[in-house]
Amino acid sequence: MDVVLAPDQMVLQIHESIGHPLELDRILGDERNYAGTSFITPDMFGSYRYGSPLLNVTFDPDNPHEVASYGFDDVGVPAHREFLIKDGILLRGLGG
């Protein structure tokens, strides 16, 4: 049986599978007492194979249609799209 996900279900699955482990507060241990930690460690950025070479995941806070959109970060840097995972390699976490 094939499983077909609606777009909002796919976004939720990506958020749960990829988003939570990449949250810097989990990676650095700040969330351990509330929501847990992550298997990701800071030394994995730039070298860890997170998935297939076909996997590309971006974070785009400048998209006004997204729930977590913003024009500027907390220190005034303009929002822009960045790769979290490119060609299956983990590049960065979520957060500043």
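Residues numbered from 1 in each chain as written. Predicted model: local features only at pLDDT ≥ 70, side-chain atom pairs only at ≥ 80, totals over all residues. Heavy atoms only, no water.

Asker: An account of the nonpolar core is needed here, citing residue identities and associated values.
Answerer: Within the largest apolar cluster, eleven residues are counted, these being Ile18, Leu22, Leu24, Ile27, Ile40, Met44, Tyr50, Val57, Leu84, Ile85 and Leu90. Only α2 (24-27) and β2 (82-86) provide two or more residues apiece to this core. (Core = buried A, V, L, I, M, F, W, Y, C linked by side-chain atoms within 4.5 Å. Buried < 20%, exposed > 50% of the residue type's maximum accessible area, 1.4 Å probe, protein only. Helix = DSSP H or I, 4+ residues; strand = E, 2+ residues; numbered from the N terminus.)

Asker: Which residues make up the sheet that holds strand β1 (residues 57-59), and what are the values?
Answerer: Two strands in a sheet stick together by hydrogen bonds in their backbones, pointing the same way (parallel) or opposite ways (antiparallel). The strand order across the open sheet formed by three strands is β1-β2-β3, and the pairing between neighbours is antiparallel. Either end of the sheet is taken by a strand with one partner, and the two such strands are β1 and β3 (89-90). Strand direction decides the pairing type here: β2 and β3, joined by two bridges, are antiparallel. When the sheet's bridge partners are listed, Ile85 is paired in β3 with Leu90. (Pairing = 2+ DSSP bridges.)

Asker: Which residues make up unusual backbone geometry, and what are the values?
Answerer: Although it is not a glycine, Asp87 adopts a positive phi angle of roughly 55°. If you trace the backbone, Asp87 turns up in the loop between β2 and β3. Residue classification places Asp87 among the partly exposed positions, given a relative accessible area of 40%.

Asker: Can you explain the pairing of β2? Please cite residues and give values.
Answerer: Here β1 pairs with β2 via three bridges, running antiparallel. Looking across to β2, one finds that Val57 is bridged to Ile85. Linking β2 back to β3 in an antiparallel pair, the connection comprises two residues, with Asp87 at a positive phi of about 55°.

Asker: Describe in detail the packing of aromatic side chains, supporting the description with residues and values.
Answerer: A full pass over the atoms with the stated rule returns three aromatic pairs. On the basis of an interplanar angle of 80° and a centroid distance of 6.2 Å, the ring pair of Tyr48 and Tyr50 is categorised as edge-to-face. A connected cluster of aromatic rings, assembled from ring pairs, spans Phe39, Tyr48 and Tyr50. The ring centre of Phe83 lies 5.3 Å from the NZ or CZ of Arg81, which sits over that ring. Positioned above the aromatic ring of Phe83 is the side chain of Lys86, whose terminal nitrogen or guanidinium carbon lies 4.6 Å from the ring centre. (Phe/Tyr/Trp six-rings, centres within 6.5 Å; stacked < 30°, edge-to-face > 60°. Lys NZ or Arg CZ within 6 Å of the ring centre and 35° of its normal.)

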